[in-house]
Amino acid sequence: MKSAEIRQAFLDYFARQGHAVVASSSLVPENDPTLLFTNAGMNQFKDVFLGRDKRDYSRATSSQRCVRAGGKHNDLENVGYTARHHTFFEMLGNFSFGDYFKRDAIRFAWEFLTGELGLPPEKLWVTVHVSDDEAADIWLKEMGVSAERFSRLDEDNFWQMGDTGPCGPSSEIFYDHGADVPGGPPGSEDGDLDRYIEIWNLVFMQYDRQDDGELKPLPKPSVDTGMGLERIAAVQQGVHSNYEIDLFQALLKAAAQATGCDDLENKSLRVIADHIRSASFLITDGVVPSNEGRGYVLRRIIRRALRHGHQLGQEKPFFHTLVAALVEQMGDAYPELRREQARVEKALLAEEEQFGRTLAAGMKVLEGAMAELQGDELPGRVVFSLYDTHGFPPDLTADVARERGLSVDMDGFDQEMQAQRERARGAGAFANDYSDRLNIEAVTDFSGYEKHQDQAEVEGLYRDGAAVDSLEAGETGMVLLKRTPFYAESGGQVGDRGVLAGGDARFNVEDTRKRGQAHIHVGTVSTGTLKVGDKVDAYVDVERRRAIMRHHSATHLLHAALRRVLGDHVQQKGSLVAPDYLRFDFAHGEALSAEQREEIETLVNRQILENAAVTTEL
Ligand code: SER
């Protein structure tokens, strides 16, 4: 059976058992800050397991695209070194939300493997959690699994998505690739080798792990299963490595052609074939190569692939040409990939051109450093300089080093990074700005959503970074009020200006900043003396604030228009909202064309001319 046929047979089987067939969700998890990338089929159902979300089905099945690179489940370092680890893979799964539990989950899995796929039971091995007598009885007494191919394990049979969230004991099914492959049964000393391969994990979801580690029972016991498509395809196609299955063979051939390497078992070729999948799907799902967060993981994956291409002697951009072969293999199952093909190719090419300029030079530096090295650890200084000057992510350097039997000094690298951060901070600080030295505990009550003018008491005064009792005419300093209508700079919106007036004293507010939860008015006393305890009238410069608010609204309009014209991958990375202009930062693989700019402008202007009412709700 081809991979595509297995995927379809799985979904069809579970549809016949009353499961709703649900499409794969994006690799970028929606509303889940605990997760870097979608790493399991159950992610999109997390809230359903927790009882926070309801669906109109209680059984579901899916083929979910997953990335395990960075975060709790990270396989990046293993790619190319084993027969079964990938940065990207597809997880086939069936799920019960308070519907069936252990008995049916086990029965379905056994029936699918031995019935639909026709696997001989004597090639399968089953494990359950040490404490799980119920699952053990179902397997041994009801399914008739042989006690000789059955074991109970501890941590290996408990699954959790992250440090918190749904979890529970599991039961795993392994395939025995035969005595000619090295490795022992699950749980044994060499159980991690390639002979017994875990193909299916049935998780009996029972708990929600809390921040403090406590296991809180779920509202209803549920089921979450996951089977790696690539692994079951290897079994079905009678091969021992995932890279030998139909889907990977096609990608390896394309990679061989693009790099001029004709050995399909070459490790670098395998890394490239693996990485084109994760890179393409991540870009499809809106991730853009960058220097932080998800974008940096993507950049690391791409640069790693390029380095392996370079190793095979390919000096020119080649990686983006593999997208076509990937679309051919997976575009039917994931139509979004086909839709985004052109954008994915462009983004990869741009990254190839950029990194291509420094890759060769960086490799020379690295080769030189390795040749001169005494001992077997590459110093942090070298790793840092490759990172800083040539754009080599440290894991790329480590990957090269590992091939030569060397390790890298990551602590040393971290120290160099820290030193650089401090240098940058020193260069950026203003000599006469003491506000960042102040540690203010007070919480200011902000009234500026309702009014632009308010009365308040002076709670604190500061000069040269220290608390004082009063500020005289001509003195520059900072004023802390118990309550204020002055908006303090945050989220890119600049702070308010205006006047504080009390008795004969006037304080011109030139900026408002936040220290902790306090709003600090920065400025100069123009007349009189301002003292702690004084009652003042606080007047925001209303014209200026209104201009800022207009630009704030405009950033939202611009954001929406950008997404409409360029795609949903556009996300706000930063912004500056001032009275006379706004700046909106976003990442996109290439410069905008004149037509695109015009279209965006028209969309924004049209909304402005609609003159819709704006309201504030907290
Ligand atoms: N969530 C489990 C896993 O990822 C089963 O789907 O292995």
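Keep in mind it's a predicted model, so treat the numbers as computed, not measured.

Calculation notes
- Residues numbered from 1 in each chain as written.
- Predicted model: local features only at pLDDT ≥ 70, side-chain atom pairs only at ≥ 80, totals over all residues.
- Heavy atoms only, no water.
- Helix = DSSP H or I, 4+ residues; strand = E, 2+ residues; numbered from the N terminus.
- Buried < 20%, exposed > 50% of the residue type's maximum accessible area, 1.4 Å probe, protein only.
- Contact = heavy atoms within 4.5 Å.
- Areas by Shrake-Rupley, 256 points an atom, 1.4 Å probe, with all protein chains shown as cover.
- Patch = residues over 30% accessible without salt bridge, like charges linked within 9 Å, V, L, I, M, F, W, Y side chains within 5 Å.
- Salt bridge = Lys/Arg side-chain N within 4 Å of Asp/Glu carboxyl O.
- Lys, Arg positive; Asp, Glu negative; His and termini not counted.
- Charge placed at Lys NZ, Arg CZ, Asp CG, Glu CD.
- pLDDT = per-residue confidence, 0-100.
- Axes fitted to C-alpha atoms, helices over the stretch in contact; angles between N-to-C directions.
- Parallel < 35°, antiparallel > 145°, perpendicular 65-115°, else oblique.
- Left-handed = near helix turned anticlockwise from the far one by under 90°.
- Phe/Tyr/Trp six-rings, centres within 6.5 Å; stacked < 30°, edge-to-face > 60°.
- Near = heavy atom within 4 Å.
- Polar contact = N/O pair within 3.5 Å; in protein donor to acceptor, adjacent residues only side chain to side chain.
- Nonpolar A, V, L, I, M, F, W, Y, C, P; charged D, E, K, R; others polar.
- Pairing = 2+ DSSP bridges.
- Right-handed = clockwise from strand over helix to strand, strands pointing away.
- Expected span 1.5 Å × (residues − 1).

## As for the overall build of the protein
For step 1, the next point in the chain: Counting its secondary structure elements, the protein contains 16 helices and 24 strands.
For step 2, the next point in the chain: Referenced to the eigenvectors of the C-alpha coordinate spread, the extents of the protein come out at roughly 95 × 60 × 55 Å.
For step 3, the next point in the chain: When the 618 residues of the protein are sorted by exposure, 52% land in the buried category.
For step 4, the next point in the chain: Considering only residue pairs separated by 6 or more positions, the protein has 70% of its internal contacts joining residues 24 or more positions apart.
For step 5, the next point in the chain: Surface accessibility of the protein: about 28800 Å² in total, with carbon and sulfur atoms responsible for 45%.

## Here's the deal with a negative patch on the surface
For step 1, the next point in the chain: Taken together, Asp-154, Glu-155, Asp-156, Glu-189, Asp-190 and Asp-192 make up a surface patch of like negative charges.
For step 2, the next point in the chain: Turning to its location among the elements, Asp-154 is positioned in the loop between strand E5 (150-153) and strand E6 (158-160).

## Focus: the confidence of the model for the protein
For step 1, the next point in the chain: Looking at the protein, pLDDT values average 91 and 97% of them are 70 or higher.
For step 2, the next point in the chain: With pLDDT under 50 throughout, residues 427-433 is counted as low confidence; its partners more than four residues away or in other chains account for 1 contact.

## Considering the packing of helix H8 (residues 293-311) against helix H11 (residues 341-372)
Helix-helix packing is described using two parameters, namely the angle between the two axes and the distance between the axes.
For step 1, the next point in the chain: The interhelical angle for the contact between H8 and H11, taken along N-to-C directions, is 55 degrees, at an axis separation of 10 Å. Here H11 runs oblique to H8, going by the angle between their axes. Taken as a pair, H8 and H11 cross one another with a handedness that is right-handed. Within the contact between the two elements, H8 uses Arg-299, Ile-302, Arg-303, Leu-306, Arg-307 and His-310 and H11 uses Leu-348, Glu-351, Glu-352, Gln-354, Phe-355, Leu-359, Ala-360 and Met-363.

## Brief notes about the packing of aromatic side chains
For step 1, the next point in the chain: Following the criterion strictly, the structure yields 28 aromatic pairs and no others.
For step 2, the next point in the chain: When the ring of Phe-45 is compared with that of Phe-95, the centres are 4.8 Å apart and the planes differ by 50 degrees; the resulting orientation is tilted. Highlighted residues: Phe-45 in the loop between strand E1 (20-21) and helix H2 (46-49) and Phe-95 in strand E3 (residues 88-96), separated in sequence by 50 residues. Neither residue differs from the other here; Phe-45 and Phe-95 are each classed as buried.
For step 3, the next point in the chain: Here Phe-88 and Phe-281 contribute two aromatic rings whose centre-to-centre distance is 4.6 Å and whose plane-to-plane angle is 15 degrees, an arrangement assigned as stacked.

## Focus on the site of the ligand
For step 1, the next point in the chain: The immediate surroundings of the ligand are formed by Ala-40, Met-42, Arg-68, Met-91, Trp-159, Asn-201, Val-203, Asp-224, Thr-225 and Gly-226.
For step 2, the next point in the chain: In this structure, Gly-226 approaches the ligand through a main-chain N or O atom, which is 3.0 Å from an oxygen atom.
For step 3, the next point in the chain: For the ligand, whose unbound accessible area comes to 230 Å², protein coverage reaches 96%.
For step 4, the next point in the chain: Elements represented by at least two residues in the shell around the ligand include exactly strand E8 (196-209) and strand E9 (215-228).
For step 5, the next point in the chain: If you tally residues by element for the shell around the ligand, the top one is E9, at 3 residues.
For step 6, the next point in the chain: A per-class count over the shell around the ligand returns 5 nonpolar, 3 polar and 2 charged.

## Remarks on the pairing of E5
Regular strands have side chains that alternate between both faces of the sheet.
For step 1, the next point in the chain: By the bridge criterion, 4 bridges tie strand E4 (residues 124-129) to E5 in an arrangement that is parallel. Across the sheet, the residue bridging to Thr-127 is Ser-151, located in E5.
For step 2, the next point in the chain: Regarding topology, helix H4 (residues 133-142) serves as the crossover connection from E4 to the parallel E5, and that connection is right-handed.

## Remarks on the pattern of salt bridges
For step 1, the next point in the chain: As enumerated under the stated definition, the model contains 37 salt bridges in all.
For step 2, the next point in the chain: We note a salt bridge from Glu-90 to Arg-7, for which the minimum N-O separation is 2.8 Å. Highlighted residues: Glu-90 in strand E3 and Arg-7 in helix H1 (residues 3-16), separated in sequence by 83 residues. This pair shows no difference in class: Glu-90 is buried, exactly as Arg-7 is.
For step 3, the next point in the chain: Here Arg-65 and Glu-336 are joined by a salt bridge, their closest N and O atoms 3.2 Å apart. Here Glu-336 lies in helix H10 (residues 335-339) and Arg-65 lies in strand E2 (residues 59-67), a separation of 271 residues in the sequence.
For step 4, the next point in the chain: Under the relative-accessibility criterion, Arg-65 is labelled buried at 2%.

## Some details on the pairing of strand E19 (residues 505-515)
For step 1, the next point in the chain: The pairing of strand E18 (residues 498-502) with E19 spans 5 bridges and is classified as antiparallel. The partner of Ala-501 across the bridge, within E19, is Arg-506.
For step 2, the next point in the chain: Between E18 and E19, which follow one another and run antiparallel, lie 2 residues, and Gly-503 among them has a positive phi close to 60 degrees.
For step 3, the next point in the chain: Remark: 2 residues form the turn of the hairpin made by E19 and strand E20 (residues 518-527), two consecutive strands paired antiparallel; Gly-516 in that turn has positive phi of roughly 60 degrees.

## Here we look at helix H7 (residues 267-284)
For step 1, the next point in the chain: Taking 1.5 Å of rise per residue, 18 residues should cover 26 Å, and H7 covers 26 Å from first to last C-alpha, within 8% of that figure.
For step 2, the next point in the chain: Of all 18 residues that make up H7, 17 are buried, and the element is covered over most of its length.
For step 3, the next point in the chain: Looking at where H7 begins, the residue whose side-chain oxygen comes 2.7 Å from the main-chain nitrogen of Ser-268 is Asn-266.
For step 4, the next point in the chain: Two residues or fewer past H7, Gly-286 is found with a positive phi of approximately 100 degrees.

## Points about helix H12 (residues 380-390)
For step 1, the next point in the chain: Within the sequence span of H12, burial applies to Gly-380, Val-382, Val-383, Phe-384, Leu-386 and His-390.
For step 2, the next point in the chain: Downstream of H12 by one or two residues, Gly-391 has phi in the positive range, about 70 degrees.

## Brief notes about the side chain of Asp-395
For step 1, the next point in the chain: Locating Asp-395 in the fold gives a position in helix H13 (residues 394-403).
For step 2, the next point in the chain: For Asp-395, a relative accessible area of 11% translates into the label buried.
For step 3, the next point in the chain: Within the structure, Asp-395 has its side chain in polar contact with the side chain of Arg-300 (distance 2.7 Å).
For step 4, the next point in the chain: Every residue in contact with Asp-395, bar those within four places of it in the chain, is listed here: Leu-76, Glu-77, Arg-300 and Arg-304.

## Brief notes about the packing of helix H6 (residues 246-259) against H7
For step 1, the next point in the chain: Across the interface, H6 lies against H7 with an axial gap of 9 Å and an inter-helix angle of 110 degrees. Between H6 and H7, the interaxial angle falls into the category roughly perpendicular. When you trace H6 past H7, the crossing you get is right-handed. Along its contact with H6, which presents Leu-247, Phe-248, Leu-251, Leu-252, Ala-255, Ala-256 and Thr-259, the element H7 presents Leu-269, Arg-270, Ile-272, Ala-273, Asp-274, Ile-276 and Arg-277.
For step 2, the next point in the chain: For the contact of H6 with H7, a count of residues per class yields 10 nonpolar, 1 polar and 3 charged.

## Observations regarding the side chain of Ser-268
For step 1, the next point in the chain: With respect to the helices and strands, the residue Ser-268 is situated in helix H7.
For step 2, the next point in the chain: Classification of Ser-268 as buried rests on a relative accessible area of 3%.
For step 3, the next point in the chain: Contact partners of Ser-268, with chain neighbours within four places excluded, come to His-308, Gln-311 and Leu-312.

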